[in-house]
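Remarks on the overall topology
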Amino acid sequence: MRLEKGSVWRKWDLHLHTPSSFDYEDKSITDEQIIKKLVGAGIRLVAITDHHTIDVERITRLQQLGSGKITVLPGIELRSELGGSDTVHYIGIFPENCNLTYIWDKLRNELNLTAEDIQKKGGHDRVWVSIWKAAKSIHKYGGLVSIHAGKKSNSIEEISNKNLFQQTIKKDLLTKNVVDILEIGKVDDTKDYESIVFPSINDYLPLIICSDNHRITDYLLKENCWFRADPNFWGLRQAIVEPIDRIYIGEKPPKRISVAKNRTRYIQSISVKQTANSNLEEIWFDNIKIDLNHDLVSIIGNKGSGKSALAEVIGLLGNTHSRDSFSFLSPTRFRQPKNNLALHFEGEIHWANGITQTKNLNDNINLNAPEQIKCIPQGLFEEICNEVASGEDSKFNRELRKVIYSHVPEPDRLGKDSLDDLLEHLTDEIEDAIAILQSQLKEKNQQIADIEKRLTSGYREQLLNQLEEKKAELATHEKSKPETVSPPSTEDANKQASEQLNDLKANILKTEESIAEAREDISANAIKVSSAEKILEQLNNFESQYKEFKRQLISNLEEFGISFDTIVTLRIERKPIEEKATFYRDSRQKAENLINSSLDDGLSVKLVNLQDQLHTLQNKLDEPSRLYEAYQTELRTWGITRLALVGDAGKVGTVLYFEHQISELEELPKKLANAREERLKLVGEIYSKIQSLADVYKKLYTPVQDFSTKNDISKETFALQFDVSIVDQGFEQHFFDWVARNVVGSFYGSEEGHITLKKIIERYDFNNWEGVQAFLDDLHDHLEYDKRQSTSTPSRVEAQLRKGKELDAFYDFIYSLDYLRPRYILKLDDKELSQLSPGERGALLLIFYLLVDKASIPLIIDQPEENLDNQTVYQHLVNAIKQAKNRRQVIIVTHNPNLAVVCDSEQVICCSIDKKNGNKISYLTGSIENPEVNQHVIDILEGTKPAFTNRRRKYAPFQDTVIHDDQSNAA
């Protein structure tokens, strides 16, 4: 059976007994009761592991009863010759579709487990089977071996460590292909194995926890054991290859919790069909519907098989802003104007929160609406990777700025919305006297540009769309309010425990509130410290100006015989502001210490301890009390999320924030007029060039630099460095670097625009302020109105700028007078971006998207390996993708086995196209462990099987060893 959504988290129990076990407590239990109880407990796969026997008839009956609801694997539990006062037990588990009659016949004869053998030994209590011999037989017939471990009864730890030979026995069991899986008794057992055992054997074995149930009416899991795999033996084999990523012991896997809390960020399914009024004879998309896994989805197929088509359809439905770079849904292919095939098809995207959105495949992207999906089409990827990244406003740099800013700690953002805003804020007061004026001018230009942009209809629409989306998210959250659970009776035996729980929860709430207050204090104090440091820089700059003024005035006063000190005195007292800076710096440090998880007396550690106590106490409650406690916790979490969505006017991205932004639009015209007046005054005071801002820029990039050097993926070959340079630009020489001469306006036309600008410059004398002011007024008038005709017509300044140029930066260029502009340089191994190969730039961009970018919306990457060599893919992208899929939905189109296979894709979509049958595109989906999908992976990703011999079990996981029905006569 092929599960189309691929590998998802399901609860398994790999150790369960039936009345066929000699020590089963209630022999009257029926097979129907067993299946009903397991299904009711949410178990999706179970292994029947009776003592010393495989009851073929019972297991076959259980498989029939559980068909479609639960997978039943046959197994057997055996007693070994090893141990001390208690012997070590182990289990053999076999495929659900094996020839069980054949296997059991072979095993009981090879291991002397026939009824006669057991009788001769004096009964089941005297039966033991050499683990070395049994493991060999179990493996020979396609099975896996698990062994009791940790604090579980009859554990491998029964073997003493007193003698060296006993230590060697234990090590050989775990390293000589004897044992495949460790079944622990308690969750805490994992710590010792991960910190002591596994490092000592230089290997990592799967750790599981099971019920070991001997009475189904009392069925209870010690802890949930989750597997991210198909619920069959193939999935089990796959999971033990990737145990860290595929097996989880606990209430719920973190990814399931993340999806539940962020349902608007995960795609549930997509579908494509022909429109109702279409008369197109070609088939193309024939009522296609694909359920999508929430982890890593790999889309594979031969060239021209529909891989990019699927990726771009998903991107279109998610309003990706990369539509212009599509290769399939482009005007040269599926959207050709003369034969627009896209018009005949519509797609639907279904989100995990239940929302469905429909678009025609010819629809355009609304750039004023937020991206719901980040898509990097192959065309965009190639364009970014091949550009000469020498300018600050190149696509590559703009992409990097977004992800760099996402890595800046929240307190250090000082309430700013972007990296550029933060840079401006931090550099305002660290220039010399004239640079301060230019810095003030930069702020004013930004304010003016921001106002002008906000006065456009597009900006209002964008705010309205964002507000609508946030309200929809709030409405969805409102519907997810937990169903009320009544408190248990006060007469309950757990009354005392309940009172203790209330005290603990009150303490937890108080601690969480203290942590929240501390975090607010960190941000508030960071802003205070920044303000104090600015004031100190202002004082330093003022003192520098004063010293220069004094030097000049002393020279002028000499002829009058007047002492400078008799007419001018100055006293600067820095101590009060320094004390304030120290106070707020210390306050921030105190707040950080309070929530420092490495400090034993901190609030974070206190909270963890309280939560552990709460969890321990909750486990002691009866079922009604546990349900009520779980409900209270879920309700509180729900309420916190709701408050975060509503927010306030100062909290970016909340409902009240967007409402406040919209209400402020009415005051903008007056603000614009005032801002322009203030700018003109600033320009009159500027007479020198901008000084270096390198130190501030470098300080801002420290978090990214730290990430680059500390992260295991990038620290060796991707040594990032950041530097600062100042670009000197002359006005006449560079004006048309900003203004496009193919856009309607005064400067339209290659030669005509140049002549118009030259005439404006020649009309004015720049040696006096009046001439400069007149020049600026005339230039701005030509920008705001098209002067080519006798009657001037309004022309939006921003619309005349070249692609990638920002309006506030353009105003900086015009009004700074010396036209200097600071910018940062990103280096890789001491090479600037312009010196990097397209592959190096591409790898760097992908690593930033996958690891540094904090966005949580689905990420689609179309064939990222195109410009990258296999070594780069394997060494860097594989681990980056595996980390990224833990926090967001990742979809990659690829033909590289390092990505599709080694990244351990939870779902593989195999694409094919039948060009003889109306170009019908088909998509076969499932997990990588599914044999049908597995074979397609081998066939499509040509040459991959021999390339990954160390991953042999990923390909045809057990078809080389399992005894199937058609092999019943095999030796």
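About the cut-offs
Residues numbered from 1 in each chain as written. Predicted model: local features only at pLDDT ≥ 70, side-chain atom pairs only at ≥ 80, totals over all residues. Heavy atoms only, no water. Helix = DSSP H or I, 4+ residues; strand = E, 2+ residues; numbered from the N terminus. Contact = heavy atoms within 4.5 Å. Areas by Shrake-Rupley, 256 points an atom, 1.4 Å probe, with all protein chains shown as cover. Pairing = 2+ DSSP bridges. Axes fitted to C-alpha atoms, helices over the stretch in contact; angles between N-to-C directions. Expected span 1.5 Å × (residues − 1). Buried < 20%, exposed > 50% of the residue type's maximum accessible area, 1.4 Å probe, protein only. Arc of directions from axis to C-beta. Patch = residues over 30% accessible without salt bridge, like charges linked within 9 Å, V, L, I, M, F, W, Y side chains within 5 Å. Salt bridge = Lys/Arg side-chain N within 4 Å of Asp/Glu carboxyl O. Lys, Arg positive; Asp, Glu negative; His and termini not counted. Charge placed at Lys NZ, Arg CZ, Asp CG, Glu CD. Parallel < 35°, antiparallel > 145°, perpendicular 65-115°, else oblique. Left-handed = near helix turned anticlockwise from the far one by under 90°. Nonpolar A, V, L, I, M, F, W, Y, C, P; charged D, E, K, R; others polar. Polar contact = N/O pair within 3.5 Å; in protein donor to acceptor, adjacent residues only side chain to side chain. Core = buried A, V, L, I, M, F, W, Y, C linked by side-chain atoms within 4.5 Å.

Looking only at helices and strands, one finds 34 helices and 24 strands in the protein chain. Contacts in the protein chain between residues far apart in sequence, at least 24 positions, make up 73% of those at least 6 positions apart. For the protein chain, the accessible area works out to roughly 46,200 Å², and carbon and sulfur atoms hold 48% of it.

Here nine strands make up an open sheet; going across it, the order is E7-E6-E5-E4-E3-E2-E1-E8-E9 and the pairing mixed. At either end of the open sheet lies a strand with only one pairing partner, and these are strand E7 (207-209) and strand E9 (247-249). Averaged over all pairs of adjacent strands, the angle between strand axes in this sheet comes to 30°, irrespective of strand direction. Bridge analysis of strand E1 (residues 9-16) against strand E2 (residues 43-51) gives four bridges, and the strand direction is parallel. Bridge assignment links Lys-11 to a residue of E2, and that residue is Ile-43. In this fold helix H5 (residues 131-140) packs onto strand E3 (71-83), strand E4 (87-93) and strand E5 (144-148), with an angle of close to 145° to the strand it touches most, E5. Contacting strand E6 (181-184) and E7, helix H7 (residues 189-201) crosses the sheet at an angle of about 140° to E6.

This part is about helix H23 (residues 668-683). The end-to-end C-alpha separation of H23 is 22 Å, in line with the 22 Å expected for 16 residues at 1.5 Å each. Within the span of H23, buried status applies to Leu-668, Leu-672, Ala-675, Arg-679, Leu-682 and Val-683. Considered in projection along H23, the buried side chains sweep an arc of 85° and stay on one side of the axis. Exposed and facing more than 90 degrees away from the buried side of H23 are Lys-670, Glu-677 and Lys-681.

Together, Glu-513, Glu-517, Glu-520 and Asp-521 make up a region of like negative charge exposed at the surface. Turning to its location among the elements, Asp-521 is positioned in helix H17 (residues 495-557).

One way to put it is that helix H16 (residues 457-479) packs onto helix H21 (residues 623-646) with a least axis distance of 10 Å and a crossing angle of 165°. One element, H16, and the other, H21, form an angle in the roughly antiparallel class. Where H16 crosses over H21, the handedness of that crossing is left-handed. For the pair H16 and H21, the contacting residues are Lys-470, Glu-473, Leu-474, His-477 and Glu-478 in the first and Trp-638, Thr-641, Arg-642, Leu-645 and Val-646 in the second. Grouping the constituent residues of the contact of H16 with H21 by class yields four nonpolar, two polar and four charged.

Glancing now at the pairing of strand E23 (residues 907-914). Across five bridges, the pairing between strand E12 (residues 296-301) and E23 is parallel. Residue pairing in the sheet places Ile-299 in a bridge with Ile-909 of E23. Where E23 lies against strand E24 (residues 920-926), seven bridges are found, and the strand directions are antiparallel. Opposite Ile-913, over in E24, you have Ile-921 as the bridge partner.

On to the sheet that holds strand E15 (residues 374-376), then. Ordered in space as E15-E21-E22-E12-E23-E24, the six strands form an open sheet in which the pairing is mixed. Only two strands of the sheet have a single neighbouring strand rather than two, namely E15 and E24. Direction aside, the axes of adjacent strands within the sheet are offset by 15° on average.

Okay, the side chain of Ser-278 next. Locating Ser-278 in the fold gives a position in the loop between strand E10 (267-274) and strand E11 (288-291). Exposure remark for Ser-278: the relative accessible area of 18% places this residue in the buried category. A distance of 2.8 Å separates the side chain of Ser-278 from the side chain of His-344, its partner in a polar contact.

Right, let's get into the pattern of salt bridges. Side chains that differ in charge, positive against negative, can pair when their charged atoms come close. With the rule as written, the count across this model stands at 46 salt bridges. Here Asp-105 ties to Arg-108 by a salt bridge, and the two come within 3.8 Å at their closest N and O atoms. In this pair, Asp-105 and Arg-108 both sit in helix H3 (residues 100-110), three residues apart, roughly one turn of the helix. Close ionic contact of Arg-571 with Glu-573 constitutes a salt bridge, the shortest N to O distance being 3.9 Å. One network of salt bridges, in which partners are shared, links Arg-228, Lys-255, Asp-295, Lys-885 and Glu-906.

Okay, the pairing of strand E21 (residues 859-862) next. Where burial is concerned, the two faces of E21 agree: the one with Leu-859 and Ile-861 and the one with Ile-860 and Asp-862 are both buried. The pairing of E15 with E21 spans three bridges and is parallel. Residue pairing in the sheet places Cys-375 in a bridge with Ile-860 of E21. Strand direction decides the pairing type here: E21 and strand E22 (residues 890-893), joined by four bridges, are parallel. Bridge pairing links Asp-862 to Val-893 in E22.

One finds Leu-14, Leu-182 and Leu-236 to be the most contacted residues of the largest nonpolar core, which totals 78 residues. In this structure Leu-14 touches Leu-45, Ala-47, Thr-49, Leu-73, Ile-91, Ile-93, Ile-208, Cys-210, Phe-227 and Leu-236, once residues within four positions along its chain are discounted.

This next bit is on a nonpolar patch on the surface. On the surface, Phe-560, Ile-562 and Ile-567 cluster together to form a nonpolar patch covering roughly 310 Å² of accessible area. Residue placement: Phe-560 occurs in the loop between H17 and helix H18 (564-567). Overall, Phe-560 belongs to the exposed group, its relative accessible area being 57%.

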